[in-house]
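Structure at a glance
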Amino acid sequence: MEWDAGDLNRLGRDTPMRILLIHPNYHSGGAEIAGRWPPAWVAYLAGALKKAGHSDVRFIDAMTDDIADDKLREKIRNANPDIVGSTAITPSIYTAQRLLKIAKDINPKIVTVLGGVHPTFMYRQVLAEAPWIDAIVRGEGEEILVNLVDAIAAGTWPGSRGAIKGIAYIDDGKVVATPAAPTVKDLDSITPDWSVLDWPKYIYTPLNCRVAIPNMARGCPFTCSFCSQWKFWRDYRIRDPKKVVDEIAALKRDHDVGFFILADEEPTINRKKFIAFCEELIRREVNILWGINTRVTDILRDEEVLPLYRKAGLIHVSLGTEAAAQLKLDLFNKETTVAQNKRAVELLRNAGIVVEAQFIVGLENETAETLEETYRMACDWNPDLANWAMYTPWPFSDLFKELGDKVEVFDYEKYNFVTPIMKPNAMERGELLDRVMNNYRRFYFKKALFSYPWAGSGARRRYLLGCLKAFLKAGFERKFYDLGKVDYWGPQSRKKVDFRFDKTRKRPEETEVEWQVTHNRKRKPEVIQAMAMHGGREQLDDADEFSGKERANGAPVDAAHATPCGCGTQQMNGDGEPRVVFTQGGRPAPTPSR
């Protein structure tokens, strides 16, 4: 697409750029059953754009408003934008591609831009499938998008594309990727514009209040082969705890936010700063409830300060736990891990914190016995909440490549943690889903009758009853686990379940995936094996230092492959999706599934 002189003059600095950001209308029966989540990516990008002088930034949340394509077409036409930008995690990639096609059909001179974790690594495949996308932003978008918009506003686009770091585009039929842009070193310099969101829409069902998803850090010091977080953010950076509290206090004051979830995959990794964050919340009497996703080992480490965390408002902790199919491989490791999991749950409950246990299911060696074992574990450990998420290998992860032909489904729309991407050797996918639902039915039936109504008084009891309400609502509407979409009505229908995989989607060629990513933290070769869940061999005491203390309970590599850091089943991405929710392990849920 070429722009003539008249177009470029209209896009000059004298006329504010009309920038339209759109969150794709993708739904699954995961994180969203707990409420409507504010897409934080748009606040961070809008803040960066406005700070750079681009004041006309508008937003359409097609997901929250469930806007159909025809209605979205009308909204884009009425906005008459110069630029349309969107984001995509893996399951929403097709929806994002389609909405940018709508924009380009309305006006071929609209500059279409796509960012997010999936296109960052799959840009060759994305551009081959959606050549109407003018540019893909690779990596965190604040500085890259500003540079891109500056070029368009200055009238040098598209000729200057090659000078903008961190983008990919098609030039003369070939995909071009410019050198990677540097990461944002000072996270405290980023000022999100939360006012761009229509806050009354974003309600957390368990508490019936507005919810926000700020972050305290970006990146991860670990380089696990199953994970996308360290690949996307590239290096680990943490904010000043006081600045984070400033942001949370402003969200409460200006937008009436009553609950927040830290978007970090593991906010407790830096113990010193996490404690400082809690102490600052207490000192300033912010008085707000919040949740996190973290590791069992961090809870065991922090036993003495858990009352401080609760005093600071921490009400919900989602813990990653082992997949039984992997635990079965090593009896010694299994017994050690089970004891630690049970102890962590006990410590959190004793501190008055609602605890959720996350289980990954659906690996190739899953059986009826291993699924039953996860249920027995849940009963034995007695967490307040339990979640069974389908194992989902990201198509740009090293693990995906290692699995090879064992991955048979390439319909990314189904990579949502509620659809069985992997087929166990010992059962069909319909049976796997049925047995997972059987675990849910039994666990929550007991909780509803014998636990939640008698869970004491105060915030913890209200929270649990609110979670039960959200479960019942999602079940009644048949949105939970996408059951309505796959025609599951109970055990009698397990052989008739239809996941509606698009079989025309094929495995990406290795040349279509950006496998190599430079991780900016230096480490000894042996600690590259650092496995997050139970076997994290590193512990951050400060933002730039490892403590040098090794965990005594290092998990074997195979077990760690099965379970993400804190069981974070949502992609780490620029969307600010929740990494912890009471039903689906994501911004967080990560993941998915916004």
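Residues numbered from 1 in each chain as written. Predicted model: local features only at pLDDT ≥ 70, side-chain atom pairs only at ≥ 80, totals over all residues. Heavy atoms only, no water.

**Quick word on a nonpolar patch on the surface**
Just so we agree on the cut-off: Like-charged residues within 9 Å of one another, or nonpolar side chains (Val, Leu, Ile, Met, Phe, Trp, Tyr) within 5 Å, are grouped into patches, provided each residue has over 30% relative accessible area and no salt bridge. Surface accessibility follows the Shrake-Rupley procedure with a 1.4 Å probe radius. Residue values consider only the protein chains on display as shielding. The term salt bridge refers to a side-chain nitrogen of Lys or Arg lying within 4 Å of a carboxyl oxygen of Asp or Glu. Here a strand is any run of E in DSSP of at least two residues, a helix any run of H or I of at least four, and the numbering for each starts at the N terminus.
Together, Phe445, Leu449 and Phe450 make up an exposed nonpolar region whose accessible area comes to about 360 Å². Mapped onto the elements, phenylalanine 445 comes out in helix 16 (residues 429-450).

**Description of the packing of aromatic side chains**
Test applied: Centre distance within 6.5 Å is the pairing criterion for rings of Phe, Tyr and Trp, where only the six-membered ring of Trp is used; planes under 30 degrees apart are then read as stacked, over 60 as edge-to-face, and the remainder as tilted. The buried label applies to any residue whose accessible area, calculated with a 1.4 Å probe on protein chains only, is under 20% of its type's maximum; exposed applies above 50%, and partly exposed to all values in between. By definition, being over a ring means that NZ of Lys or CZ of Arg is both within 6 Å of the ring centre and within 35 degrees of the ring normal.
Throughout the structure, instances matching the rule amount to 31 aromatic pairs. Consider the rings of phenylalanine 260 and phenylalanine 277, whose centres lie 6.4 Å apart with planes at 80°: the pair is edge-to-face. In this pair, phenylalanine 260 sits in strand 12 (residues 257-261) while phenylalanine 277 sits in helix 9 (residues 271-283), placing the two residues 17 residues apart along the sequence. In this pair, the class of phenylalanine 260 matches that of phenylalanine 277, namely buried. Between phenylalanine 277 and tryptophan 290 the ring centres are 5.3 Å apart and the planes differ by 80°, which places this aromatic pair in the edge-to-face class. Residue phenylalanine 277 is found in helix 9, and its partner tryptophan 290 is found in strand 13 (residues 289-294); the two are separated by 13 residues along the sequence. Put simply, the rings of Phe359, Trp381, Trp388, Tyr440, Phe443, Tyr444, Phe471, Phe480 and Tyr481 touch in pairs and so form one group of aromatic residues. In this structure, arginine 478 is placed above the aromatic ring of tryptophan 489, and the distance from its NZ or CZ to the ring centre is 3.6 Å. Above the plane of the ring of tyrosine 94 lies arginine 505, whose end atom (NZ or CZ) is 3.7 Å from the centre.

**Here's the deal with the pattern of salt bridges**
Tallied over the entire structure, the rule returns 42 salt bridges. Where aspartate 302 meets arginine 301, a salt bridge forms, and the shortest distance between an N and an O atom there is 2.6 Å. One connected set of salt bridges, linked through shared partners, spans Glu266, Arg271, Arg295, Asp298, Arg301 and Asp302.

**Observations concerning the environment of glycine 291**
When you line up the elements, glycine 291 lands in strand 13. Between the C-alpha atom of glycine 291 and that of isoleucine 213, which follows or precedes it by 78 residues, the distance is 9.9 Å.

**Quick look at the sheet that holds strand 2 (residues 57-61)**
Basically, it comes down to this: DSSP-based pairing: two strands are paired if at least 2 bridges between them are found. To get an axis, a line is fitted to the C-alpha atoms, and for a helix only the part in contact is used. The angle between two axes follows their N-to-C directions and goes from 0 to 180 degrees. Contacts are assigned to residue pairs that have any heavy atoms within 4.5 Å of one another.
The strand order 2-1-3-4-5-6-7 describes an open sheet built from seven strands, whose pairing is mixed. One side of each edge strand has no neighbouring strand; the edge strands of this open sheet are strand 2 and strand 7 (174-177). Ignoring which end each strand starts from, the neighbouring axes of this sheet average 20° apart. Examined bridge by bridge, strand 4 (residues 111-115) and strand 5 (residues 135-137) share two bridges and lie parallel to one another. Its bridge partner lying in strand 5, valine 113 is registered against alanine 135. Seen against the sheet, helix 5 (residues 117-129) touches strand 4, strand 5, strand 6 (167-171) and strand 7 and runs at an angle of roughly 160° to strand 5.

**Brief notes about unusual backbone geometry**
Cis geometry marks the peptide bond from tryptophan 157 to proline 158, where omega comes out at 5°. Mapped onto the secondary structure, proline 158 falls in the loop between helix 6 (142-153) and strand 6. Despite not being glycine, asparagine 80 shows a phi value in the positive range, around 45°. Along the chain, asparagine 80 falls in the loop between helix 3 (69-79) and strand 3 (83-87). Positive phi is not limited to glycine here, since aspartate 256 has a value of about 60°. Residue position: aspartate 256 is located in the loop between helix 8 (241-255) and strand 12. Under the relative-accessibility criterion, aspartate 256 is labelled exposed at 55%.

**Concerning the packing of helix 2 (residues 40-51) against helix 6**
Worth spelling out the cut-off: In what follows, roughly perpendicular refers to angles from 65 to 115 degrees, roughly parallel to angles under 35, roughly antiparallel to angles over 145, and oblique to any angle outside these ranges. Left-handed describes a crossing whose near helix is turned anticlockwise from the far helix through less than a right angle; right-handed describes the clockwise counterpart.
Relative to each other, helix 2 and helix 6 sit at 45°, their axes nearing to 9 Å. One finds that helix 2 runs oblique with respect to helix 6. The hand of the helix 2/helix 6 crossing is right-handed. Two secondary-structure elements touch here, helix 2 through Tyr44, Leu45, Ala48 and Leu49 and helix 6 through Glu142, Leu145, Val146 and Val149.

**A closer look at the confidence of the model for the chain**
The test is simple: The predictor rates its confidence in each residue with pLDDT, a number between 0 and 100.
Across the chain, the average pLDDT comes to 83, with 79% of residues at or above 70. Per-residue pLDDT stays below 50 along residues 1-13; that stretch engages in 27 contacts with residues further than four places along the chain or on separate chains. Here residues 331-336 is a poorly scored stretch, pLDDT under 50, and it has six contacts once near neighbours within four places are set aside; other chains count.

**Some words on helix 2**
Note the following rule: Helix span, as expected, comes to 1.5 Å for every residue beyond the first.
Under the 1.5 Å per step criterion, the end-to-end length of helix 2 is 17 Å for 12 residues, consistent within 8% with the ideal 16 Å. Across the 12 residues that make up helix 2, a large majority, 10, are buried. Along helix 2, the residues classified as buried are Ala40, Trp41, Val42, Ala43, Tyr44, Leu45, Ala46, Gly47, Ala48 and Leu49. Buried residues in helix 2 make contact with strand 1 (19-23), strand 2, strand 3, helix 6, strand 10 (217-218) and helix 8. Taken from the residues just after helix 2, glycine 53 is the one with a positive phi, measuring 100°.

**Looking at the pairing of strand 14 (residues 314-320)**
Counting buried residues along strand 14, seven of its seven residues qualify, which places the element largely inside the surrounding structure. Of the pairings in the sheet, the one linking strand 14 to strand 15 (residues 354-361) comprises five bridges and is parallel in character. Counterpart to glycine 320 in the pairing with strand 15 is glutamine 358.

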